[in-house]
Amino acid sequence: MRRREFHRQAGGLAIGTMGAIGTAVRSAGSGALGALGLLAAPALRAQRVEPVELQDYVRLERPVAVRLAPGDKLELIEFFWYGCPHCNAMEPVLAPWVRLLPPDVRFRLVPVGFTRNHVAGQRLFFALQAAGLVERLHARVYEHLHETEGRLDSEWQMRSFVARHGGDVERFAAALQAPELTQRVQQANALVDAFGVEGVPTFGVHGRFTTSPEQTGGRERCLQVVEWLLERSREAA
């Protein structure tokens with residue numbers, strides 16, 4: 001979903017007619033399973049072609065500083081927005097792939113806020129993260145918005161959603177009101193600008209490259225390019 005589409009969309013975390021898209025995508029199941037360089041499906045291995053700069057990925061003119069924990073060597077970021085149908089379509093393909101990444105690859109999620117109307121999604125994600133609920137509810141948010149056509153604009157809607165899925169509502173509500181949440185949103189926006197993100201989903205690879213399903217022509221191909229970029233980054237580290 002391109003930045004200009006965010007400006008045309010009437011804001012908020014609601015999907016309207018996108019529910020059928022999310023249902024169809026999730027019914028199809030995941031199309032990419034495998035660790036770095038080891039995509040499982042033979043058809044995907046057969047399609048592996050050396051990525052081409054500017055066609056399949058972009059090299060950043062100014063590398064972005066990476067945030068690595070002890071033991072980590074590489075960083076991978078997905079820039080996303082919960083209300084984006086393309087991010088929703090990416091999630092069932094991405095989730096099993098991420099679980100098989102090497103342990104020294106730090107994967108993190110960064111929600112974009114291209115317009116003021118989309119800050120609700122950023123606040124929702126960072127509150128879930130602070131409450132320790134991302135692993136449990138990240139995919140549920142996509143399902144709620146794209147399959148049931150629900151809304152998650154207000155604090156009441158967010159609290160009700162967390163409660164319905166068995167989360168700690170009080171802890172979530174406290175995180176939603178915490179002063180540091182605004183700082184996290186600002187940091188996310190700065191990172192989006194630093195990577196030059198113009199649409200979602202976009203992947204930032206070790207502060208040096210970006211790629212996306214739109215650029216590569218497909219979700220599985222995008223993950224192949226991400227794998228290749230991680231390998232190149234590992235060699236250069």
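Let us look at the structure shown here.

**Considering the state of the cysteines**
No. 1: Per the stated rule, a full pass over the model turns up zero disulfides.
No. 2: Residue Cys 87 stays outside any disulfide, its sulfur separated by 3.5 Å from that of Cys 84, the closest cysteine.
No. 3: Judged by relative accessible area, Cys 87 falls into the buried class, the value being 0%.

**Thoughts on the packing of helix H5 (residues 119-130) against helix H9 (residues 179-195)**
No. 1: Here H5 crosses H9 at 120°, and the two axes come no closer than 10 Å. The two elements H5 and H9 cross, and the hand of that crossing is right-handed. Contacts between H5 and H9 involve Val 119, Gln 122, Arg 123, Phe 126, Ala 127, Gln 129 and Ala 130 from the first element and Leu 181, Thr 182, Arg 184, Val 185, Ala 188 and Asn 189 from the second.
No. 2: When its residues are assigned to classes, the contact of H5 with H9 shows seven nonpolar, four polar and two charged.

**Some points on the side chain of Glu 75**
No. 1: Mapped onto the secondary structure, Glu 75 falls in strand E4 (residues 74-80).
No. 2: At 2.8 Å, the side chain of Glu 75 and the side chain of Arg 108 are in polar contact.
No. 3: For Glu 75, the residues in contact, after removing those within four places along its chain, are Val 66, Arg 67, Leu 68, Arg 106, Arg 108, Gly 204, Val 205 and His 206.

**Structural notes on the pattern of salt bridges**
Oppositely charged side chains may form a pair once their charged atoms are brought near each other.
No. 1: On inspection of all chains with the given rule, the structure shows ten salt bridges.
No. 2: Residue Arg 140 is joined to Glu 143 by a salt bridge in which the shortest nitrogen-to-oxygen separation is 3.5 Å. Of this pair, Arg 140 and Glu 143 both sit in helix H6 (residues 134-146), separated by three residues, roughly a single helical turn.
No. 3: Linking Arg 159 and Glu 170 is a salt bridge whose minimum nitrogen-to-oxygen distance equals 3.7 Å.

**Some remarks on the environment of Arg 108**
No. 1: Tracing the sequence through the fold places Arg 108 in strand E5 (residues 105-111).
No. 2: As for Arg 108 and Ile 77, which are separated by 31 residues in sequence, their C-alpha atoms are 5.0 Å apart.

**Considerations on the nonpolar core**
No. 1: Counting residues in hydrophobic clusters, the biggest one holds 42 residues, and the most contacted among them are Phe 79, Tyr 82, Leu 128 and Phe 172.
No. 2: Contributing elements (two or more residues each) for this core: E4, E5, H5, H6, helix H7 (155-164), helix H8 (169-177) and H9.
No. 3: Not counting residues within four places of it along the chain, the set of residues in contact with Phe 172 comprises Leu 124, Ala 127, Leu 128, Ala 131, Leu 133, Met 158, Arg 159 and Val 162.
No. 4: Among the nonpolar cores identified, the runner-up in size contains 19 residues, and Met 90, Phe 209, Leu 223 and Val 226 belong to it.

**Observations regarding the packing of helix H4 (residues 85-99) against H6**
No. 1: Where H4 contacts H6, the two axes come as close as 10 Å, and the packing angle between them is 135°. Regarding the angle of H4 to H6, the classification is oblique. Here H4 and H6 pass one another in a crossing that is left-handed. Along the contact surface, H4 presents Pro 85, Cys 87, Asn 88 and Glu 91, while H6 presents His 138, Tyr 142 and His 146.
No. 2: Of the residues belonging to the contact of H4 with H6, the class tally is three nonpolar, three polar and one charged.

**So, the packing of aromatic side chains**
No. 1: Scanning all chains against the criterion turns up seven aromatic pairs.
No. 2: With 5.5 Å between their ring centres and 75° between their planes, Phe 80 and Phe 125 make a pair best called edge-to-face. With a gap of 45 residues between them, Phe 80 in strand E4 and Phe 125 in helix H5 connect regions that are remote in the sequence.
No. 3: Residue classification places Phe 80 among the buried positions, given a relative accessible area of 0%.
No. 4: Owing to a relative accessible area of 1%, Phe 125 belongs among the buried residues under this scheme.
No. 5: Ring geometry for Tyr 82 versus Tyr 142: centroids 5.2 Å apart, planes at 70°, classification edge-to-face. In this pair, Tyr 82 is assigned in the loop between E4 and H4 and Tyr 142 in helix H6, connecting sequence segments 60 residues apart.
No. 6: An aromatic cluster of at least three residues, connected via ring pairs, comprises Phe 80, Tyr 82, Phe 125, Phe 126 and Tyr 142.

**Re unusual backbone geometry**
No. 1: Put simply, Val 200 and Pro 201 share a cis peptide bond, and its omega is -5°.
No. 2: The backbone of Glu 149 shows a phi angle near 60°, a positive value even though the residue is not glycine.
No. 3: Along the polypeptide, Glu 149 turns up in the loop between H6 and H7.
No. 4: Not every positive phi belongs to a glycine, and His 206 is a case in point at roughly 50°.

Reading guide: rules and limits
- Residues numbered from 1 in each chain as written.
- Predicted model: local features only at pLDDT ≥ 70, side-chain atom pairs only at ≥ 80, totals over all residues.
- Heavy atoms only, no water.
- Disulfide = S-S within 2.5 Å.
- Buried < 20%, exposed > 50% of the residue type's maximum accessible area, 1.4 Å probe, protein only.
- Axes fitted to C-alpha atoms, helices over the stretch in contact; angles between N-to-C directions.
- Helix = DSSP H or I, 4+ residues; strand = E, 2+ residues; numbered from the N terminus.
- Left-handed = near helix turned anticlockwise from the far one by under 90°.
- Contact = heavy atoms within 4.5 Å.
- Nonpolar A, V, L, I, M, F, W, Y, C, P; charged D, E, K, R; others polar.
- Polar contact = N/O pair within 3.5 Å; in protein donor to acceptor, adjacent residues only side chain to side chain.
- Salt bridge = Lys/Arg side-chain N within 4 Å of Asp/Glu carboxyl O.
- Core = buried A, V, L, I, M, F, W, Y, C linked by side-chain atoms within 4.5 Å.
- Parallel < 35°, antiparallel > 145°, perpendicular 65-115°, else oblique.
- Phe/Tyr/Trp six-rings, centres within 6.5 Å; stacked < 30°, edge-to-face > 60°.

Keep in mind these numbers describe shape, not what the thing actually does.
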